[in-house]
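Residue-level structure breakdown
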Amino acid sequence: MSYSVTETSTRQKWIAGTVVVGYALVTILPLVWIIATGFKTPSDAIAYPPKVIFEPTVEGYVNLFTTRTRATQETLDALGEPATWYDAIVRQYGMIISGPSRYGERFLNSVIIGFGSTFLSICLGTLAAYGFSRFKIPLKDDLLFFILSTRMMPPIAVAIPIFLMYRRLGLSDTHLGMIFLYTAVNLSLAVWLLKGFIDEIPIEYEEAALIDGYTRFQAFYKVVLPQAATGIASTAIFCLIFAWNEYAFAVLLTSGTAQTAPPFIPTIIGIGKDWPAVAAGTTLFLVPVMVFTILLRKHLLRGITFGAVRK
Amino acid sequence: MSDRAIAWIFVAPSIFLLLAINIFPLIWTIRLSLTDFRANRPNRPAEWIGIENYRRILGDGDIWNSMQATAHFLFWTLILQVVIGFALAYLINKKFRGSDLWTTLIVLPMMLSPAVVGNFWTFFYQPQIGLFNYVVEFFSGVDPSSFTMIGSVDLAPWAIVIVDTWMWTPFVMLICLAGLRSIPDSIYEAAECDRASKWRQFWTITIPLVLPFLMLAVLFRGIENFKMFDLVVQLTGGGPGSTTELTSITLKREAFEKWRTGYASAYAVILFVTVFGLASIYVKALNKVKER
């Protein structure tokens, strides 16, 4: 039997496993609790001691997507039987649905701005990354560092002149304005990550293509892009997550038309201490990111360190 | 076309966008910082007042308070995240069964929107109904309605440290784990042949070889937490009073509530120079450690 001195003993593994699993359970408890709260009634949500076992309901979700008004018994009687299941839920509290809430709109804004800025930053970022990876560019290192340093500025500091500039250009509170802004912020990440991915593609492929009579652009388009597909996809997800999560610019530069979900979700609670509705809105907002995180786990480290650590 | 021209076609659009949305605003900020401009009165002509704003900032008690709050926040989040993050990475590196699955679960909080999660933590911190207070009562027997994490001057600075540590410890952990995995087994085997104790191996092999990774993690977290805004603004809004008013929150108050645009611009320039200066010095130190 071979024996390695660096092999960990079973007992050590067991202890390590127990501690890590314990930590993991504590750390995901708040997330599980958010999801569970979304399925509680308002009174269950604020029960003390906190309720672990409860009867699930979708009230929180109904309240999240609707605005309701209190109605007198006569009005309720006059309306007759509730037409839909969500009407029925709201009627129990002597309320009627008066219209949709803003949540759907805000969520859609997040989707539009997130995908729009991701698309733009990936297009520009891939071009720039290829340029930096394959060509001799004067002051290359300085330019790359300049691109990175744009991330060091506090967002509020950047927001002051952007606020003035957008006001003058009429870009305040518009989707287009937010897409440009998030593209600029994400560009540093995209360039750095993609440069790393493209550096790993052997240059011989392109050289062969060039000898075969491809132009530079054809070589880039037909040889490099397909090779970099995985890298581009994971970079895109990182850009998307950043734009999705961003709050500081959103809260300062949008108020209505182009407001995204992060500045909106905290305002839900102001309407009526309805924690299940907040939890429902939070859950719908967080779950896509959780799924992406699990899909991305192999490239996670690279993404969060701008490609500095590659494993 | 020459290679040089093609290179610029690839690189120019990105550089142009960054100039328009980062550098032009930065120059504008520097210009504004020398005036008494107020963004809520765009028609009033701004007066050139030179370095007056900078002089006033350095003598402003509120600014120093927010610097102090930021220092407290930075110091404790970095210490806690480094210690817990490294310990977790060390244990995960023992490669027990299912370690990949648990690592993925631990990493989840880090990728979520700080503002949205911070908003929900105010619910956990509620004095009478909150999960956090319940857990504290469960383990220590302290009456859950006797303390409010975000309402008390003594506890609020710790409330933000706890949530930030919960969110970002996995970041340090992942980087440390990459560091630990980069150490070849042969080094330990050689040490074992020389009869070095496990304790000695830890201090003379593991720590020095992980150090560059750890320092990189501290750099990232340091810059991020110096800029911290979204999580804390949602958790405490800078309160109670101004106990958790970090620099970014003060900056926001000056710029978008008091509308002292010129003054806020000067503060923004000071903050940027500070981050940039500290980061540059730190990167030099980091490169020295790497070369060793």
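Calculation rules
Residues numbered from 1 in each chain as written. Chains lettered and ligands numbered in written order. Predicted model: local features only at pLDDT ≥ 70, side-chain atom pairs only at ≥ 80, totals over all residues. Heavy atoms only, no water. Helix = DSSP H or I, 4+ residues; strand = E, 2+ residues; numbered from the N terminus. Buried < 20%, exposed > 50% of the residue type's maximum accessible area, 1.4 Å probe, protein only. Areas by Shrake-Rupley, 256 points an atom, 1.4 Å probe, with all protein chains shown as cover. Lys, Arg positive; Asp, Glu negative; His and termini not counted. Charge placed at Lys NZ, Arg CZ, Asp CG, Glu CD. Contact = heavy atoms within 4.5 Å. Buried area = accessible area lost by both parts, 1.4 Å probe. Polar contact = N/O pair within 3.5 Å; in protein donor to acceptor, adjacent residues only side chain to side chain. Phe/Tyr/Trp six-rings, centres within 6.5 Å; stacked < 30°, edge-to-face > 60°. Salt bridge = Lys/Arg side-chain N within 4 Å of Asp/Glu carboxyl O. Disulfide = S-S within 2.5 Å. Core = buried A, V, L, I, M, F, W, Y, C linked by side-chain atoms within 4.5 Å. Axes fitted to C-alpha atoms, helices over the stretch in contact; angles between N-to-C directions. Parallel < 35°, antiparallel > 145°, perpendicular 65-115°, else oblique. Left-handed = near helix turned anticlockwise from the far one by under 90°. Nonpolar A, V, L, I, M, F, W, Y, C, P; charged D, E, K, R; others polar. Patch = residues over 30% accessible without salt bridge, like charges linked within 9 Å, V, L, I, M, F, W, Y side chains within 5 Å. pLDDT = per-residue confidence, 0-100. Expected span 1.5 Å × (residues − 1). Arc of directions from axis to C-beta.

Let us now look at the overall build of chain B. When helices and strands are tallied, chain B shows twelve helices and zero strands. When its helices and strands are written in sequence order, chain B yields α-α-α-α-α-α-α-α-α-α-α-α. Across its three principal axes, chain B shows a C-alpha extent of roughly 75 × 70 × 35 Å. When each of the 292 residues of chain B is scored for burial, the buried share is 52%. On chain B, roughly 13,300 Å² of surface is accessible, and the fraction owed to carbon and sulfur atoms is 65%. In chain B, 24 side chains carry a positive charge and 21 a negative one; their mean positions are 5 Å apart.

On the side of chain B, 101 residues touch chain A, which itself brings 99 residues to the contact. In total, about 8,800 Å² of surface goes out of reach between chain A and chain B, with carbon and sulfur atoms giving 82% of it. When residues of chain A are sorted by the area they lose upon contact with chain B, Tyr23, Tyr48 and Met152 of chain A head the list and together hold 8% of the total. At the boundary of chain A and chain B, one finds eight residue pairs in polar contact (both at pLDDT 80 or more). Ranked by the residues each element gives to the side of chain A that touches chain B, the list is headed by helix 1 (residues 10-37) of chain A, at 18 residues.

Next up on the list: the packing of aromatic side chains. Residues and elements named next belong to chain B. Counted according to the given criterion, the structure contains 41 aromatic pairs over all chains. Arranged with centres 5.4 Å apart and planes meeting at 85 degrees, the rings of tryptophan 121 and phenylalanine 124 form a pair that is edge-to-face. With tryptophan 121 and phenylalanine 124 both in helix 5 (residues 114-124), this residue pair falls three residues apart, about one helical turn. Of the two residues examined, tryptophan 121 and phenylalanine 124, each falls in the buried class.

Residues and elements named next belong to chain B. Inspection of the entire model under this criterion finds 16 salt bridges over all chains. Between aspartate 164 and arginine 221 there is a salt bridge, with the nearest N and O atoms lying 3.9 Å from each other. A residue pair is termed long-range when its members are at least 10 positions apart, and aspartate 164 in helix 7 (residues 156-181) and arginine 221 in helix 9 (residues 198-226) qualify at 57 residues. You can call aspartate 164 buried: its relative accessible area is 0%.

Linking two cysteines covalently via their sulfur atoms produces the bond known as a disulfide. All names here are of chain A. For the coordinates displayed, the defined rule picks out zero disulfides over all chains. No disulfide involves cysteine 123; its nearest neighbouring cysteine sulfur is the one of cysteine 239, lying 11 Å away. Given a relative accessible area of 0%, cysteine 239 falls into the buried group.

So, about the nonpolar core. Of all hydrophobic cores here, the largest spans 186 residues; its most connected members are Phe132 and Phe249 of chain A together with Met110 and Leu251 of chain B. Ignoring sequence-local partners within four residues, the contact set of leucine 251 of chain B consists of Ile156, Ala157 and Ile160 of chain A together with Ala264, Tyr267, Ala268 and Leu271 of chain B.

So, about the packing of helix 7 (residues 140-149) of chain A against helix 9 (residues 175-199) of chain A. All names here are of chain A. Here helix 7 crosses helix 9 at 135 degrees, and the two axes come no closer than 8 Å. Of the possible angle classes, the one that applies to helix 7 and helix 9 is oblique. As helix 7 runs across helix 9, the sense of the crossing is left-handed. On helix 9, the residues touching Leu144, Phe145, Ile147 and Leu148 of helix 7 are Ser188, Val191, Trp192 and Lys195. Looking at side-chain class alone, the contact of helix 7 with helix 9 contains six nonpolar, one polar and one charged residues.

With respect to the helices, strands and loops of the structure, asparagine 245 of chain A is situated in helix 12 (residues 229-245). Overall, the relative accessible area of 8% leaves asparagine 245 of chain A in the buried class.

Moving on to unusual backbone geometry. Residues and elements named next belong to chain B. You will see that lysine 95, though not glycine, has its phi angle at about 55 degrees, which is positive. Among the structural elements, lysine 95 can be located in the loop between helix 3 (61-92) and helix 4 (99-107). Under the relative-accessibility criterion, lysine 95 is labelled exposed at 54%.

Glancing now at a nonpolar patch on the surface. All names here are of chain A. A cluster of nonpolar side chains, contributed by Ile35, Phe39, Val58, Trp85, Tyr86, Val287, Val291 and Leu295, occupies part of the molecular surface with about 700 Å² of accessible area. Secondary structure elements with two or more residues in the nonpolar patch: helix 5 (85-91) and helix 15 (275-296). For the nonpolar patch, the element with the highest residue contribution is helix 15, accounting for three residues. Looking at the element boundaries, valine 58 is found in the loop between helix 2 (42-45) and helix 3 (59-65).

Residues and elements named next belong to chain A. Its place among the elements puts threonine 41 in the loop between helix 1 and helix 2. Here threonine 41 falls in the buried class, since its relative accessible area comes to 17%. Considered as a pair, threonine 41 and alanine 277 are 236 residues apart in the sequence and their alpha carbons are 9.4 Å apart. Setting aside its immediate chain neighbours within four residues, threonine 41 contacts Thr57, Glu59 and Pro276.

This prediction gives chain B a mean pLDDT of 89; 100% of its residues lie at or above 70. Two numbers describe this predicted complex: its pTM, 0.90, and its ipTM, 0.88.

Moving on, we get to the side chain of glutamate 59 of chain A. As for its placement among the helices and strands, glutamate 59 of chain A is situated in helix 3. With sequence-adjacent residues up to four places away left out, glutamate 59 of chain A is seen in contact with Thr41, Pro42, Ile89, Gln92 and Tyr93 of chain A.

In regions of low pLDDT, the predicted coordinates are not meant to be interpreted in detail. Averaged over all residues, the pLDDT of chain A is 87; the fraction at 70 or higher stands at 97%. Per-element mean pLDDT across chain A ranges from 79 in helix 4 (residues 73-79) of chain A up to 94 in helix 6 (residues 103-134) of chain A.

End to end, helix 11 (residues 216-227) of chain A covers 16 Å across twelve residues, agreeing with the expected 16 Å (1.5 Å per residue, within 8%). Among the residues of helix 11 of chain A, Arg216, Ala219, Phe220, Val223 and Val224 of chain A are the ones counted as buried. Angularly, the buried residues of helix 11 of chain A cover 125 degrees about the axis, an arc narrow enough to put them on a single face. Those residues of helix 11 of chain A that are exposed and aimed more than 90 degrees away from the buried face are Tyr221 and Pro226 of chain A. On the buried face of helix 11 of chain A, the contacting elements are helix 6, helix 9 and helix 10 (204-211) of chain A together with helix 1 (3-32) of chain B.

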